[in-house]
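Examination of the molecular architecture
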There are 2 protein chains.
Amino acid sequence: MNSDRGTAVMGPVLVIGTGLIGTSIALALRRENVEVYLEDTDPLQVGTAEGLGAGLQFSAGLLPRLVVVAVPPRHAGSVLAQASLRFPEATLTDVTSVKAQVLNDAIAEGADPSRLIGGHPMAGREISGAAGARVDLLDDRLWVLTPAESCSVEHLRQVYQLVSTCGAYAVEMTPDEHDRAVALVSHAPQLLSSILAGQLTDASADYVRIAGQGLRDMTRIADSDSLLWTDILSVNAKQVAAVLSSVVSDLTATLTALQAIAAGDATQCAKVSTTLQAGAAGRSRIPGKHGAAQIEITIVGVMLADKPGELARLFAAAGESNVNLEDVRIEHVLGRPSGLVEISVRPDSAETLSAALRERNFDVRI
Amino acid sequence: MNSDRGTAVMGPVLVIGTGLIGTSIALALRRENVEVYLEDTDPLQVGTAEGLGAGLQFSAGLLPRLVVVAVPPRHAGSVLAQASLRFPEATLTDVTSVKAQVLNDAIAEGADPSRLIGGHPMAGREISGAAGARVDLLDDRLWVLTPAESCSVEHLRQVYQLVSTCGAYAVEMTPDEHDRAVALVSHAPQLLSSILAGQLTDASADYVRIAGQGLRDMTRIADSDSLLWTDILSVNAKQVAAVLSSVVSDLTATLTALQAIAAGDATQCAKVSTTLQAGAAGRSRIPGKHGAAQIEITIVGVMLADKPGELARLFAAAGESNVNLEDVRIEHVLGRPSGLVEISVRPDSAETLSAALRERNFDVRI
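Calculation criteria
- Residues numbered from 1 in each chain as written.
- Chains lettered and ligands numbered in written order.
- Predicted model: local features only at pLDDT ≥ 70, side-chain atom pairs only at ≥ 80, totals over all residues.
- Helix = DSSP H or I, 4+ residues; strand = E, 2+ residues; numbered from the N terminus.
- Buried ≥ 20, exposed ≤ 12 C-beta atoms within 10 Å, placed from the backbone.
- Contact = placed C-beta atoms within 7 Å.
- Pairing = 2+ DSSP bridges.
- Axes fitted to C-alpha atoms, helices over the stretch in contact; angles between N-to-C directions.
- Nonpolar A, V, L, I, M, F, W, Y, C, P; charged D, E, K, R; others polar.
- Domains from an automatic or database assignment.
- Least-squares fit on C-alpha atoms with pLDDT ≥ 70 in both.
- Right-handed = clockwise from strand over helix to strand, strands pointing away.
- Bend = angle between axes of the 7 residues up to and from the residue.
- Parallel < 35°, antiparallel > 145°, perpendicular 65-115°, else oblique.
- Left-handed = near helix turned anticlockwise from the far one by under 90°.
- Arc of directions from axis to C-beta.
- pLDDT = per-residue confidence, 0-100.
- Core = buried A, V, L, I, M, F, W, Y, C linked by C-beta atoms within 7 Å.

Further remarks concern the overall build of chain A. Regarding its fold elements, chain A presents 13 helices and 12 strands. Along the three orthogonal principal directions, the C-alpha set of chain A runs to about 65 × 55 × 40 Å. In chain A, which comprises 366 residues, the proportion classed as buried is 55%. Residue pairs at least 24 apart in sequence account for 71% of intrachain contacts in chain A once pairs closer than 6 positions are excluded.

Turning our attention to the sheet that holds strand S2 (residues 36–39) of chain B. Residues and elements named next belong to chain B. Overall, mixed pairing links the 8 strands, which are arranged S3-S2-S1-S4-S5-S6-S7-S8 in an open sheet. Of all the strands in the sheet, the pair left with one neighbour each is strand S3 (56–57) and strand S8 (169–172). As paired elements, S2 and S3 share 2 bridges and run parallel to each other. In the strand pairing of S3, leucine 38 is matched with glutamine 57. Across the face of the sheet, helix H2 (residues 43–51) comes into contact with S2 and S3 while running at roughly 155° to S2.

Before going further, it helps to spend a moment on the interface of chain A and chain B. Listed by partner, the interface residues are 115 residues for chain A and 115 residues for chain B. Sorting elements by how many residues they give to the side of chain A that touches chain B places helix H10 (residues 237–262) of chain A first, with 19 residues. Of the residues assigned to the side of chain A that touches chain B, the class counts are 60 nonpolar, 32 polar and 23 charged.

Domain parsing of chain A yields domain 1 (13–173), domain 2 (179–280) and domain 3 (298–365). Placing the centre of domain 2 of chain A and that of domain 3 of chain A at their C-alpha centroids yields a distance of 33 Å.

Turning to the relation of the copies chain A and chain B, a few remarks are in order. What relates the two chain copies is a rotation about an axis together with a slide along it. The transform that puts chain A on chain B rotates by 180° and translates by 0.0 Å along the axis, for an RMSD of 0.1 Å. The two molecules are tied by a two-fold rotation axis, judged by turn and shift. A shared interface surface links the copies, since 100% of the contact residues of chain A are contact residues in chain B too.

In this section: the sheet that holds strand S2 (residues 36–39) of chain A. Residues and elements named next belong to chain A. The mixed open sheet is built from 8 strands, whose spatial order is S3-S2-S1-S4-S5-S6-S7-S8. Of all strands in the sheet, those with a lone pairing partner are strand S3 (56–57) and strand S8 (169–172), marking the two edges. In this structure, strand S4 (residues 66–69) lies alongside strand S5 (residues 91–94), joined through 4 bridges in parallel fashion. If you follow leucine 66 over to S5, its bridge partner there is threonine 91. Strands in contact with helix H4 (residues 100–108) are S5, strand S6 (116–121) and strand S7 (142–147); relative to S6, the strand with the most contacts, it is inclined by about 150°.

It is worth spelling out the pairing of strand S7 (residues 142–147) of chain B at this point. Residue and element names in this part refer to chain B. Burial within S7 is extensive, with 6 of its 6 residues counted as buried. Burial along S7 is two-sided: Leu142, Val144 and Thr146 facing one way and Trp143, Leu145 and Pro147 facing the other are all buried. Where strand S6 (residues 116–121) and S7 come together, 5 bridges link them in antiparallel fashion. Bridge pairing in S7 places glycine 118 opposite threonine 146. As a crossover connection, the stretch from S7 through helix H5 (residues 153–165) into S8 is right-handed.

The sharpest bend along helix H6 (residues 175–198) of chain A comes to roughly 50°, located at alanine 183 of chain A. In terms of burial, H6 of chain A is largely enclosed, as 22 of its 24 residues are buried.

Before going further, it helps to examine the packing of helix H12 (residues 310–320) of chain A against helix H13 (residues 350–359) of chain A. All names here are of chain A. In contact at an axis separation of 9 Å, H12 and H13 are set at 130° when each is read in the N-to-C sense. Here H12 is positioned oblique relative to H13, judged by the angle of their axes. When you trace H12 past H13, the crossing you get is right-handed. Packed against H12, whose contacting residues are Ala317, Ala318 and Glu320, the element H13 presents Leu353, Ala356 and Leu357 at the interface. Per-class residue counts for the contact of H12 with H13 are 5 nonpolar, no polar and 1 charged.

As a further point, take H2 of chain B. Residue and element names in this part refer to chain B. Taken residue by residue, H2 has Gln45, Val46, Thr48 and Ala49 as its buried positions. Viewed along the axis of H2, the buried residues span an arc of 160°, placing them on a single side of the element. Facing away from the buried side of H2 by more than 90 degrees, the exposed set consists of Pro43, Leu44 and Gly51. In this fold, the buried residues of H2 make contact with helix H1 (20–31), S2 and S3. Glycine 53 sits one or two residues past H2 and shows a positive phi near 85°.

Moving on, we come to the confidence of the model for chain A. Residues and elements named next belong to chain A. Model confidence for chain A is summarised by a mean pLDDT of 88, while 90% of its residues fall at 70 or above. Note that pLDDT drops below 50 for residues 1–6; the model gives that stretch 12 contacts with residues more than four away or on any other chain. Predicted complex, confidence summary: ipTM 0.79, pTM 0.79.

So, about the nonpolar core. By size, the foremost hydrophobic cluster in this structure holds 199 residues, and its most contacted members are Ile25 of chain A together with Ile25 of chain B. For isoleucine 25 of chain B, the residues in contact, after removing those within four places along its chain, are Val15, Val68, Ala70, Val95, Leu138 and Cys166 of chain B. Listed in part, the 37 residues of the second largest apolar core include Val302, Met303, Ala318 and Leu340 of chain B.

Turning our attention to the environment of aspartate 112 of chain B. Mapped onto the fold, aspartate 112 of chain B is located in the loop between helix H4 (100–108) and S6. On the basis of neighbour count, aspartate 112 of chain B is assigned to the buried category, with 23 C-beta atoms found within 10 Å.

Turning next to unusual backbone geometry. Residues and elements named next belong to chain B. The backbone phi angle of asparagine 33 is positive, close to 60°, even though this residue is not glycine. Within the fold, asparagine 33 resides in the loop between H1 and S2. Since 10 C-beta atoms lie within 10 Å of it, asparagine 33 is described here as exposed.

This next bit is on the environment of glutamine 161 of chain B. Note on placement: glutamine 161 of chain B falls in helix H5. Residues glutamine 161 of chain B and arginine 329 of chain B, 168 residues apart in the sequence, show an inter-C-alpha distance of 36 Å.

Next comes the structure, spelled out in structure tokens:
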């Protein structure tokens, strides 16, 4: 059912909620010349979105064929229900990151289930608001669709077309499946990151100073918008609690084992080892780059001086080697002006790249 | 007391345990022409280290002035004690990632505390063994020293010289402080990463497929060597248990709040919000690049096609713009052959870089 990109969704489309996601969707639709109306309780956000070329402010009497609700999860259900009443023919979708409660709320408040298809584009940024919108935020992203059981094929087709017009790819799930999935891969990790980072609040600066890349990676998302996340976690509370409950149970078992080890019972080391092995097994289930199977790569490491232009000089040299770079990772060295850059390449290209870099006096190691 | 690099430590140095860290230290010492002897229970590892130019195999009768013990934490104490007996004049240090128990074990088994200085270089790789060693693994790294209270200044000076000869920077802590610090910033995060990743073991592939960068970052270290980590966590069990206990307590409180919210008690949302805010506050305590204060940066995003040479072409173009790149991050897009590259630059360079990239037809967004 997924149509080719370029087959534009039939407009006009009304986007309600011109924040980051709503405005990005509007921009993507405008790129394909779809007519877009914009609406938000905050006139500043609509003004910004309009200024970016995301469409025109909605005014009474206009009749959208498709309504995209892009407001926080707490309000999405009632906004969908109001839209259903305001536009009795229009297809209705939303883009919030929790699905079951939003759809239940919408139907409970009177939304027409035959026109209702939930959605959740798997895209975002660490900043919010219309000003952060990007025309290509949705490009090549997965977009989960959770149609109501009684929705009509005609309306479902309309939302598939919205997804492909925005350059994204649709995947169908039930609302419950979606909510369990995001609780596992997004919501519970967010809370764990925040709780781990929270342990640093009262720690000695000397302790925090020796933190390495592992802690940095694990606490990166602890920077996210706490208001939005409180809303997301609260609306998906049941599923998040189920995942957290399993995490707490595993953590408690490990804690008990560590306390026994500290008290001299070395037999409990096997329990710690099993936990670590289960982690490696779970990690290996995350798809590789681009969702493809993990590909074989070799890492070429370069120790870089932190002076102007060094990173650029490195990549210029890498570019001239004509080797395809699969990935790049920079590990900061604390307290000193330099860094380790790890360039991932196919194994048969590693030697070519290393030689090219050494020739230009880079400090290379494989 | 930290001497300038280039003032080589006085050899000969005996490295016991020619794995990743031991061999890297040996290579760094050889770079400064220090005489190095190598010893390991595994003749293959010694052979590999020797082949890399890390020094010569130790033979009876040789008399090191400094012994560096680089064996797993479980054995480090007794190896230090044996070294103390074998070489009654030599300075004794180790490089294991747990300090109090190793030093206690060493002294309990007869090591001379006046010559004993514990150490822990904050460096590592996700691979192990002599073959993974790098001459510059320690360059510009922090290296925590935990001298025994009764150690002599002369022996302490010798270990400071070892650190600077390897290109690293010494920081002193007590063994207990060190162990509390690494439990907080390294050991507990390792377990949390493993336990989070372990939740994926039985999850539907459809669920795992929608995982984003957050989950990837949080589970990266779950790939680490489970044998070595079982050893580290077991030897530092008491301090790790203290951190985990606090994490479990915070998680349990959050879980209880989520369960109340799921049951309809919206007042508990405030608890979730507080947890998220504490996480952001904790995260902000991690020093910025190079341990400096966070600097102001602007991110220039580029959506890249995943065809050979695109990343190289991007950096070649960035190089020609003469802008200093502060950082680079690549976000993989699942299921599709393309990726978002985020280049961090100083705010006043963002326009120059964007213009240079757009000129070469890159899909740029600020």
